[in-house]
Amino acid sequence: MANSGETGTGVDSAYKNNYVTGANKYWPTLFKLFELALAIVCIGLLDDPANNTHYRTFVAQRTIALCYATFGAYIIICGAFLLGKVFQDTMTWKTVAMLNFIAAVLFVASGAALLRDWSETKNRNYWHPNTQRMDLLCASGSVAIVTAVFFLVDLLATLRQGVRGYLE
């Protein structure tokens, strides 16, 4: 048993280390990079409808607060994760999984609120001739839902690899 290379946990540490050093080493960083890009796109699309409502309100103030808090917080969190990777400092997989789950819930809530406001504004009697802000609002809600799905995929991949012992 001592010559077979098995440890007390039942997983060969040489196998575990070789698995992590392969191509699978970079998938958490790539996920966070795409999530950061999508969060920046969400906040960029929301900026014009949220701040330039001279003639009519496109977005409720509660929705603006939820979206800016969600998008801004996850820009900071993903940026901190990537900065930690640059300095070779890692988060535990359980922390990353928890943050991914919270992000998925918040991005679904933000996307649903944005699409609800878009639908309510679209159904009003007064239709402003400039519909660009309505398009931006719909796009921000749609990208938020896509980002939530992306966070869920990241959550599932993190849980799968973490439970198997391939992540720290």
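Remember, predicted model here, so these are calculated numbers, not experimental data.

1. What to know about the overall build of the chain
No. 1: If you tally the helices and strands in the chain, you get 5 helices and 0 strands.
No. 2: Along the chain, helices (α) and strands (β) appear in the sequence α-α-α-α-α when read from the amino end.
No. 3: For the chain, the proportion of its 168 residues judged to be buried stands at 34%.
No. 4: Taken as a whole, the chain presents about 9800 Å² of accessible surface, with 63% of it coming from carbon and sulfur.

2. Some remarks on the nonpolar core
No. 1: Counting 28 residues, the largest nonpolar core has Leu46, Phe71, Phe107, Leu114 and Phe151 as the members making the most contacts within it.
No. 2: Those elements that provide at least two residues to this core are helix H2 (27-51), helix H3 (61-86), helix H4 (93-122) and helix H5 (132-164).
No. 3: Excluding anything up to four places from it in sequence, Phe151 contacts Lys32, Glu35, Tyr74, Cys78, Asn100, Ala103, Ala104 and Phe107.

3. Side note on the packing of aromatic side chains
No. 1: Throughout the structure, instances matching the rule amount to 7 aromatic pairs.
No. 2: Taken together, a centroid distance of 5.3 Å and an interplanar angle of 35° make the contact between Phe71 and Phe107 tilted. Of this pair, Phe71 sits in helix H3 while Phe107 is found in helix H4, placing the two residues 36 residues apart along the sequence. Neither Phe71 nor Phe107 differs from the other in exposure class; each is buried.
No. 3: With a centroid separation of 6.1 Å and 65° between ring planes, the pair formed by Tyr74 and Phe107 is classed as edge-to-face. Here Phe107 lies in helix H4 and Tyr74 lies in helix H3, a separation of 33 residues in the sequence.
No. 4: Among the aromatic residues, those joined into a ring-pair cluster are Trp27, Phe31, Phe34 and Phe150.
No. 5: Positioned over the ring face of Phe81 is Lys32, at 5.7 Å from the centre of the ring.

4. Re the pattern of salt bridges
No. 1: With the rule as written, the count across this model stands at 5 salt bridges.
No. 2: Residues Glu35 and Lys32 are paired through a salt bridge, measuring 3.1 Å at the closest nitrogen-oxygen approach. A residue pair is termed a helical-turn pair when its members lie 3 or 4 positions apart in one helix, as Glu35 and Lys32 do in helix H2 at 3 residues.
No. 3: Looking at Lys32, the relative accessible area reads 5%, which means it is buried.
No. 4: Of the charged contacts in the structure, one is a salt bridge between Asp154 and Lys32, with a shortest N-O distance of 3.5 Å. Of the two residues, Asp154 sits in helix H5 while Lys32 sits in helix H2, which places them 122 residues apart along the sequence. There is no split in this pair, since Asp154 and Lys32 are both buried.
No. 5: Taken together, the shared-partner salt bridges connect Lys32, Glu35 and Asp154 into one network.

Criteria and cut-off values
- Residue positions within a chain follow its written sequence, with the count starting from 1.
- A pLDDT threshold of at least 70 governs which residues receive local features in this predicted model, and a stricter bar of 80 or more applies before side-chain atom pairs are shown or counted, although totals over entire chains, interfaces and linings include all residues.
- Just so you know, side-chain values use all the structure's heavy atoms and leave hydrogens and water out.
- The helix and strand labels rest on DSSP assignments: H or I over at least four residues marks a helix, E over at least two residues marks a strand, and numbering proceeds from the N terminus.
- In this scheme, a residue with accessible area under 20% of its type's maximum is buried, one over 50% is exposed, and one in between is partly exposed, where area comes from a 1.4 Å probe on protein chains only.
- Surface exposure here means Shrake-Rupley accessible area, sampled with a 1.4 Å probe, where a residue is shielded only by the protein chains that are shown.
- To define a nonpolar core, start from buried Ala, Val, Leu, Ile, Met, Phe, Trp, Tyr and Cys residues and group those joined through side-chain atoms within 4.5 Å.
- Two residues qualify as a contact provided that any one of their heavy atoms is within 4.5 Å of a heavy atom in the partner residue.
- For Phe, Tyr and Trp, rings pair up if their centres lie within 6.5 Å, where Trp contributes its six-membered ring, and each pair is then called stacked (planes under 30 degrees apart), edge-to-face (over 60) or tilted (otherwise).
- Note on criteria: charge over ring means Lys NZ or Arg CZ within 6 Å of the ring centre, with the direction from the centre no more than 35 degrees off the ring normal.
- Salt bridge, as applied in this entry: a Lys or Arg side-chain nitrogen positioned within 4 Å of an Asp or Glu carboxyl oxygen.

This is a description of form; function is not addressed.
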